[in-house]
Amino acid sequence: MSIREGRFDEDLDPAILALSQSISFDRRLGGDDVEGSLAHAEMLHVADLLSAAEWEAIRRGLEEIREELERGTFPFDERAEDIHMNVEKRLAEKIGAAAGKLHTARSRNDQVALDLRLFVRRATREVKDGIRALAAALIEKAERHAELVLPAYTHLQRAQPVLLAHHLLAHVEMLLRDLGRFADAADRADECPLGSGACTGTGLPIDREFVRRKLGFARLTANSLDAVADRDFVLEFEAAAAILAVHLSRLAEEIVLWSTAEFGFVRLPDSVATGSSMMPQKKNPDGAELVRGKSGRIVGHLVGLLTVMKGLPLSYNRDLQEDKEGLFDTFDTLALSLAAIRSTVEAMEPDAARMRAAALDPASMTTATDLAESMVARGVPFREAHRQVGALVRRALGEGKSLGEVAGPDAPAAGDVDAGIARKDLPGGTAPSRVRAAIAAARARLAAEKGDEPRTAEPDRA
Ligand code: ARG
């Protein structure tokens, strides 16, 4: 049974078939499609639109199909276009005429909207697990190397001394916000579109609430046209993904920089480094570089789908089929990037001496602000202190001396990076006691961001 049988005389042009098939990629939604169909068919039975025998046959057939999909033995057929028609066709092969009743009160338009929401729900859980694991690895590193000092940078110029732990926790903050973004997006996506039909619902007496409960959604979509036309739940996932990918890229970039001979702040063990085909001595941070590089395609998928959506009239348009490959690739790329950067963070070995030497380097004078602030504490207006320290910096550079040497013994702030760090004793500051508290707080916030329990509603469908 093909959907062309009633209305069409001729076979579809091969180029149009090749263009319009989505089975080569939406086969990935097979499990979601079966899950949605089981809930829909049970509802049809409860609503007296399927007999007990028909529901039983459909249930058995769909469960066999689920097994075939899981085992990789499902016979996909490109002529059946997409996963929805493939499943229905296979069901007909298995159970005969009763299969023709499964699509009662349903369109592929609300069906695909459902399948995609189920996918995004699963993908969001996995991405959040990956973010938590990476954040935990950063917190662990921060705690293990809590006393290490390095320069903080602005404009990639040495600025002020800071604790390595404080620096690592900056990345944790970004990841905690990423978790929040994915959670917010998941809340808004938590709506069941089934029952919206092709675009205006159905005249048959169905029970949308029943399906919603079965599939564990928080709410029903409120407008049938919106339900089949909207993909902003995909856009939100991709937007959160793009921001996360940019965060991972910035972390990766620092690992690339820090592992150079010029910085030498971290050593990358062989497990996370790669070689050169020509230069025998080379050891390269390709993993971190690729995490940085992969962010490009993730940002691209967001822009791609925004561009697909921008001119579409309501409601469903076939253009929407273009939502899938970018979404799948976004998820796969993110999952891989999260795992790779986490391995790199776990493996990297900080070089305490190199970091400290960079913070203490006489030519960098990273304590200049601390010296100015020590003068402010004695009543000198800040602008005047800034001028006086600036003059000292100029003298030190001219005479090839350190700031401490030209400032003299009654200005100890000029020579003591640890005292400067300890004085940043304010909320959000890098004083050791503040950083210790921040490590504990970050851990607690991560634990409070608890795992998402799978919300398949009713216990009878374990
Ligand atoms: N493969 C289609 C998609 O991904 C399914 C919906 C097709 N609906 C239709 N009326 N042609 O969007």
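Conventions adopted
Residues numbered from 1 in each chain as written. Predicted model: local features only at pLDDT ≥ 70, side-chain atom pairs only at ≥ 80, totals over all residues. Heavy atoms only, no water. Helix = DSSP H or I, 4+ residues; strand = E, 2+ residues; numbered from the N terminus. Rg over C-alpha atoms; globule rule 2.2 N^0.38 Å. Contact = heavy atoms within 4.5 Å. Areas by Shrake-Rupley, 256 points an atom, 1.4 Å probe, with all protein chains shown as cover. Lys, Arg positive; Asp, Glu negative; His and termini not counted. Charge placed at Lys NZ, Arg CZ, Asp CG, Glu CD. Core = buried A, V, L, I, M, F, W, Y, C linked by side-chain atoms within 4.5 Å. Buried < 20%, exposed > 50% of the residue type's maximum accessible area, 1.4 Å probe, protein only. Near = heavy atom within 4 Å. Polar contact = N/O pair within 3.5 Å; in protein donor to acceptor, adjacent residues only side chain to side chain. Nonpolar A, V, L, I, M, F, W, Y, C, P; charged D, E, K, R; others polar. Phe/Tyr/Trp six-rings, centres within 6.5 Å; stacked < 30°, edge-to-face > 60°. Lys NZ or Arg CZ within 6 Å of the ring centre and 35° of its normal. Pairing = 2+ DSSP bridges. Salt bridge = Lys/Arg side-chain N within 4 Å of Asp/Glu carboxyl O. pLDDT = per-residue confidence, 0-100.

**Some remarks on the overall build of the chain**
Inference 1: Looking only at helices and strands, one finds 18 helices and six strands in the chain.
Inference 2: In terms of overall dimensions, the chain is more spread out than a globule: its C-alpha atoms have a radius of gyration of 30 Å, far above the 23 Å expected for 462 residues.
Inference 3: Seen along its three principal axes, the alpha-carbon backbone of the chain occupies a region of about 95 × 50 × 40 Å.
Inference 4: The contacts in the chain between residues at least 6 apart in sequence include a share of 77% that link residues at least 24 apart.
Inference 5: Total accessible area on the chain is roughly 22400 Å²; 54% of this is exposed by carbon and sulfur atoms.
Inference 6: Within the chain, one finds 61 positive and 74 negative side-chain charges whose respective centroids are separated by 5 Å.

**Notes on the nonpolar core**
Inference 1: Counting residues in each nonpolar core, the largest one holds 102 residues, and the members touching the most others are Val 127, Leu 134, Phe 182, Leu 244, Leu 248 and Leu 334.
Inference 2: Sorting elements by how many residues they give to this core places helix H10 (residues 232-258) first, with 15 residues.
Inference 3: Aside from chain neighbours lying at most four places away, what touches Leu 134 is Leu 175, Leu 248, Leu 251, Leu 338, Ile 341, Arg 342 and Val 345.
Inference 4: With 14 residues, the next largest nonpolar core counts Ala 396, Leu 403, Ala 407 and Ala 414 among its residues.

**Quick notes on the site of the ligand**
Inference 1: Within the structure, the ligand sits among Ser 22, Asp 82, His 84, Arg 108, Asn 109, Val 112, Tyr 316, Arg 318, Gln 321 and Lys 324.
Inference 2: Residue Ser 22 places a side-chain N or O atom 3.3 Å away from a nitrogen atom belonging to the ligand.
Inference 3: Between the ligand and Asp 82 there is a distance of 3.2 Å, counted from a nitrogen atom to a side-chain nitrogen or oxygen.
Inference 4: The element that contributes the greatest number of residues to the shell around the ligand is helix H6 (residues 108-144), accounting for three residues.
Inference 5: In terms of residue class, the shell around the ligand is built from two nonpolar, four polar and four charged.

**Structural notes on the packing of aromatic side chains**
Inference 1: For the structure on display, the rule yields seven aromatic pairs.
Inference 2: Relative to Phe 328, the ring of Phe 119 has its centre 4.9 Å away and its plane inclined at 65°; by these criteria the two rings are edge-to-face. Residue Phe 119 is located in helix H6, and its partner Phe 328 is located in helix H12 (residues 323-347); the two are separated by 209 residues in the primary sequence. Across this residue pair, the class does not change: Phe 119 and Phe 328 are buried.
Inference 3: Taking 5.7 Å as the distance between ring centres and 50° as the angle between the ring planes, the aromatic pair formed by Tyr 153 and Phe 263 counts as tilted. Of this pair, Tyr 153 sits in strand E1 (residues 149-154) while Phe 263 sits in the loop between H10 and strand E5 (266-267); the two residues are 110 residues apart in sequence, bridging distant segments of the chain.
Inference 4: With relative accessibility at 25%, the residue Tyr 153 sits in the partly exposed group.
Inference 5: In textbook terms, an aromatic cluster arises when at least three aromatic residues are bridged by ring pairs, as seen for Tyr 153, Trp 258, Phe 263 and Phe 265.
Inference 6: When the ring centre of Phe 233 is taken as origin, the NZ or CZ atom of Arg 117, which lies over that ring, is 4.3 Å away.
Inference 7: Stacked on the ring of Phe 217, the Lys or Arg Arg 121 has its end atom at 4.8 Å from the ring centre.

**A short note on the pairing of E1**
Inference 1: By the bridge criterion, six bridges tie E1 to strand E2 (residues 157-163) in an arrangement that is antiparallel. Bridging from a neighbouring strand, Val 149 pairs with Leu 163 of E2.
Inference 2: Where E1 folds back on E2, the antiparallel hairpin that results is connected by two residues, among which His 155 adopts a positive phi of roughly 55°.

**Section: the pattern of salt bridges**
Inference 1: For the structure shown, the criterion picks out 42 salt bridges.
Inference 2: For Arg 443, the salt bridge goes to Glu 143, with nearest N and O atoms at 2.9 Å. With Arg 443 in helix H18 (residues 432-448) and Glu 143 in helix H6, this pair connects stretches of sequence that are 300 residues apart.
Inference 3: Taking the relative accessible area as the measure of exposure, Arg 443 reaches 33% and is therefore partly exposed.
Inference 4: Residue classification places Glu 143 among the partly exposed positions, given a relative accessible area of 41%.
Inference 5: For the salt bridge of Arg 434 with Asp 425, the shortest nitrogen-to-oxygen distance reads 2.7 Å.
Inference 6: One network of salt bridges, in which partners are shared, links Glu 64, Glu 68, Asp 77, Arg 79, Lys 89, Arg 90, Glu 93 and Lys 94.

**Here's the deal with the side chain of Lys 141**
Inference 1: Looking at the secondary structure, you find Lys 141 in helix H6.
Inference 2: Here Lys 141 is buried and forms no salt bridge, its nearest opposite-charge partner Glu 349 lying at an N-O distance of 7.5 Å.
Inference 3: Within the structure, Lys 141 has its side chain in polar contact with the backbone oxygen of Val 345 (distance 3.3 Å).
Inference 4: The contacts of Lys 141, once residues within four sequence positions are left out, are Leu 168, Val 345, Glu 346, Ala 347 and Met 348.

**Section: the environment of Cys 192**
Inference 1: If you trace the backbone, Cys 192 turns up in strand E3 (residues 191-192).
Inference 2: Distance from Cys 192 to Ala 242, taken between C-alpha atoms, is 25 Å for residues 50 residues apart in sequence.
Inference 3: Apart from residues lying up to four places away in sequence, Cys 192 is in contact with Leu 114, Arg 208, Val 211, Arg 212, Leu 215, Phe 217, Arg 219, Leu 220 and Thr 221.

**Topic: helix H14 (residues 368-377)**
Inference 1: When H14 is considered as a whole, its buried residues turn out to be Ala 368, Asp 370, Leu 371, Ala 372, Ser 374 and Met 375.
Inference 2: Against helix H15 (382-399), helix H16 (403-407) and helix H17 (417-422) lie the buried residues of H14.

**Details of the confidence of the model for the chain**
Inference 1: On average, the chain scores 94 in pLDDT, and the residues at 70 or more come to 97%.
Inference 2: Taken together, the stretch residues 457-462 has pLDDT below 50 and engages in nine contacts with residues farther than four places along the chain or on a different chain.

**What about the side chain of Ser 249?**
Inference 1: Summarising the element assignment, Ser 249 is placed in helix H10.
Inference 2: Leave out the neighbours within four places in its chain, and Ser 249 touches Arg 292 and Ser 295.

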